[in-house]
Amino acid sequence: MASSGTGIQSVQDLESHAWQRSMQNAVRSVPELLECLALRPEDFPGPVDLENPFPLFVPREFIARMNPGDPLDPLLLQILPTSEERIQTPGYQRDPVGDEYVERAPGLLHKYTSRVLMIASGLCAVHCRYCFRRHFPYDESPKSNEQWQRAIDLIASDPSIREVILSGGDPLSLGNQRLKGLGNTIESIEHVQRLRIHTRFPVMIPNRIDSEFCDWIASSRLSCWVVLHINHANEIDQALTRAIRALKLAGASVLNQAVLLRGINDTVVLQRNLCERLIDVGVQPYYLHQLDHVEGAAHFETPLVVGEQIIDELRKLLPGYAVPRLVREVSGEPHKTLLR
Ligand SMILES: *Cc1c(COP(=O)(O)O)cnc(C)c1O
Ligand code: SF4
């Protein structure tokens, strides 16, 4: 699709309104979700949670990939609030990865050499129950150009920073205009060579990857790395496959990070299916994360030995580039800790 001319402009407006409409129409109530899936509260082994302070939020595009009538659907389990989240477990904290200690300017986390991470937005296209930033104080992160100025000054003053990671929350929840504004400011800093975007938007609402966004990626001087977050092969449908193709046509390299989750993707077969689907649609498995110990997520924990065995088996079954690195985030370490 062309990117200029008044007639075309209105097509683009329609496109961008489409993903915003998907956000507005996302399901936020547990009874409504259960109705979509032909399920009743008593179909679940434990109680569902109707009043969780981290509320249900899931787009209909994602619900459409769940199996109706299956209370153990691996996509459903990632997003359904249950009473297990109320259980306090020793060692599970509100800030399990020590974000607060590495915030060098408002919204700017500088934990590792050569790259910084910007909390570009507090908004996501979905609420994942195991999210390690589910208690993050997003309200305090910058929203405007002026509020980002200290972070930008800091990046500009440190030539060792070669890569800026837009994260959150989800940076694609900023509209194209604000995203481009922030991205172009980063691009104007000469020593920055790479832009990385950590996002689950293409998975949840694939039409977020519109032509305006792709044109911007294609025109940037920066080399662009998009890191998706897909945990199960069932998440990969036609629409997501098209979005991935569009990102790659725009010149982005596309990687995936997954979280190892009990009862969702914690077997060799499930991880093999995921990795194969990923490489078949042109995405390289990057990280498989051992769960961060965030308060409310202990029921997703998988023993370390399970992850190690899965990786060892994958190595026998798949080409080397299809096997992710099993990692854990340890506060104070100079890089993510490689477990396998
Ligand atoms: C994970 C992470 C990164 C990126 O680490 P890579 O190993 O380069 O993927 C950067 N900053 C922070 C704060 C992180 O948590
Ligand atoms: S999309 Fe990422 S940041 Fe947002 S809730 Fe899920 S895991 Fe957390």
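Residues numbered from 1 in each chain as written. Chains lettered and ligands numbered in written order. Predicted model: local features only at pLDDT ≥ 70, side-chain atom pairs only at ≥ 80, totals over all residues. Heavy atoms only, no water.

**What about the site of ligand 2?**
Alright, step 1. For ligand 2, the full set of nearby residues is Cys124, Val126, Cys128, Cys131, Gly169, Arg200 and His229.
Alright, step 2. Across the shell around ligand 2, the residue classes tally to 4 nonpolar, 2 polar and 1 charged. (Near = heavy atom within 4 Å. Nonpolar A, V, L, I, M, F, W, Y, C, P; charged D, E, K, R; others polar.)

**Some words on the sheet that holds strand β5 (residues 194–198)**
In sheet architecture, strand pairing relies on hydrogen bonds along the backbone and comes in two forms, parallel and antiparallel.
Alright, step 1. Taken together, the 10 strands give an open sheet; going across it, the order is β1-β2-β3-β4-β5-β6-β7-β8-β9-β10, and neighbouring strands pair in mixed fashion. Two strands lie at the open edges of the sheet, namely β1 (103–105) and β10 (337–338), each paired on one side alone.
Alright, step 2. For strand β8 (residues 284–289) and strand β9 (residues 325–328), the ladder comprises 3 bridges, and the chain directions are parallel. Paired with Tyr287 across the two strands is Arg325, which belongs to β9. (Pairing = 2+ DSSP bridges. Helix = DSSP H or I, 4+ residues; strand = E, 2+ residues; numbered from the N terminus.)

**Points about the packing of helix α10 (residues 268–280) against helix α11 (residues 304–317)**
Alright, step 1. At a minimum axis separation of 10 Å, α10 and α11 run at an interaxial angle of 50°. As judged from the angle between their axes, α10 and α11 are oblique. Note on packing geometry: the crossing formed by α10 with α11 is right-handed. Contacts between α10 and α11 involve Val268, Gln271, Arg272 and Cys275 from the first element and Ile310, Glu313, Leu314 and Leu317 from the second.
Alright, step 2. For the contact of α10 with α11, a count of residues per class yields 5 nonpolar, 1 polar and 2 charged. (Axes fitted to C-alpha atoms, helices over the stretch in contact; angles between N-to-C directions. Parallel < 35°, antiparallel > 145°, perpendicular 65-115°, else oblique. Left-handed = near helix turned anticlockwise from the far one by under 90°. Contact = heavy atoms within 4.5 Å.)

**Brief notes about the layout of surface pockets**
Left-over empty space is what a probe sized like a water molecule reveals as it rolls over the atoms.
Alright, step 1. In this model, the second largest pocket occupies a volume close to 330 Å³.
Alright, step 2. Lining of the second largest pocket is provided by 16 residues; of these, Pro45, Leu77, Thr82, Glu84 and His299 occupy positions nearest its centre.
Alright, step 3. In terms of residue class, the lining of the second largest pocket is made up of 9 nonpolar, 4 polar and 3 charged.
Alright, step 4. Each of two domains, domain 1 (4–86) and domain 2 (99–338), supplies a minimum of three residues to the lining of the second largest pocket. (1 Å grid on protein atoms, 1.4 Å probe; cavity = no way out; pocket = protein on both sides within 12 Å on 5 of 7 lines; lining within 4 Å. Points joined across faces, edges and corners; volume = space filled by probe spheres on them. Domains from an automatic or database assignment.)

**Notes on the pattern of salt bridges**
Alright, step 1. Considering all chains together, one arrives at 18 salt bridges under this definition.
Alright, step 2. In this structure, Arg200 and Glu235 form a salt bridge, with 2.9 Å as the shortest nitrogen-oxygen distance. In this pair, Arg200 is assigned in the loop between β5 and α7 (201–204) and Glu235 in the loop between β6 (223–229) and α9 (238–249), connecting sequence segments 35 residues apart.
Alright, step 3. Since its relative accessible area comes to 6%, Arg200 is described here as buried.
Alright, step 4. Of the charged contacts in the structure, one is a salt bridge between Asp210 and Arg208, with a shortest N-O distance of 3.9 Å.
Alright, step 5. For Asp210, a relative accessible area of 4% translates into the label buried.
Alright, step 6. Overlapping salt bridges bring together Glu85, Arg129 and Arg134 as one network. (Salt bridge = Lys/Arg side-chain N within 4 Å of Asp/Glu carboxyl O. Buried < 20%, exposed > 50% of the residue type's maximum accessible area, 1.4 Å probe, protein only.)

**Concerning the side chain of Glu85**
Alright, step 1. With respect to the secondary-structure elements, Glu85 resides in the loop between α4 (76–79) and β1.
Alright, step 2. Under the relative-accessibility criterion, Glu85 is labelled buried at 8%.
Alright, step 3. There is a polar contact of 3.1 Å between the side chain of Glu85 and the side chain of Asn52.
Alright, step 4. Setting aside residues up to four positions removed in sequence, Glu85 forms contacts with Asn52, Leu80, Arg129, Arg134, Gly296 and His299. (Polar contact = N/O pair within 3.5 Å; in protein donor to acceptor, adjacent residues only side chain to side chain.)

**A few points about the site of ligand 1**
Alright, step 1. Surrounding ligand 1, one finds Lys111, Tyr112, Arg115, Leu117, Ile165, Arg196, Tyr286, Tyr287, Glu329 and Lys336.
Alright, step 2. In this structure, Arg196 approaches ligand 1 through a side-chain N or O atom, which is 2.8 Å from an oxygen atom.
Alright, step 3. In the environment of ligand 1, an oxygen atom lies 3.1 Å from a nitrogen or oxygen atom belonging to the side chain of Lys336.
Alright, step 4. Notes on ligand 1: free accessible area 390 Å², of which the protein chains cover 92%.
Alright, step 5. Elements represented by at least two residues in the shell around ligand 1 include exactly β2 (108–112), β3 (115–121) and β8.
Alright, step 6. Residues of the shell around ligand 1, tallied by class, amount to 5 nonpolar, no polar and 5 charged. (Areas by Shrake-Rupley, 256 points an atom, 1.4 Å probe, with all protein chains shown as cover.)

**A few points about the confidence of the model for the protein chain**
Alright, step 1. Across the protein chain, the average pLDDT comes to 94, with 95% of residues at or above 70.
Alright, step 2. Of the regions scoring below 50 in pLDDT, residues 1–9 engages in 8 contacts with residues more than four places distant in sequence or in other chains. (pLDDT = per-residue confidence, 0-100.)

**Let's talk about α11**
Alright, step 1. With 14 residues, α11 should reach 20 Å at 1.5 Å per residue; the first-to-last C-alpha distance of 20 Å fits that figure.
Alright, step 2. Within α11 the residues assigned to the buried category are Gly307, Glu308, Ile310, Ile311 and Leu314. Around the axis of α11, the buried residues are gathered within 160° of arc, so they sit on the same side.
Alright, step 3. On its buried face, α11 is in contact with α10, β8 and β9. (Expected span 1.5 Å × (residues − 1). Arc of directions from axis to C-beta.)

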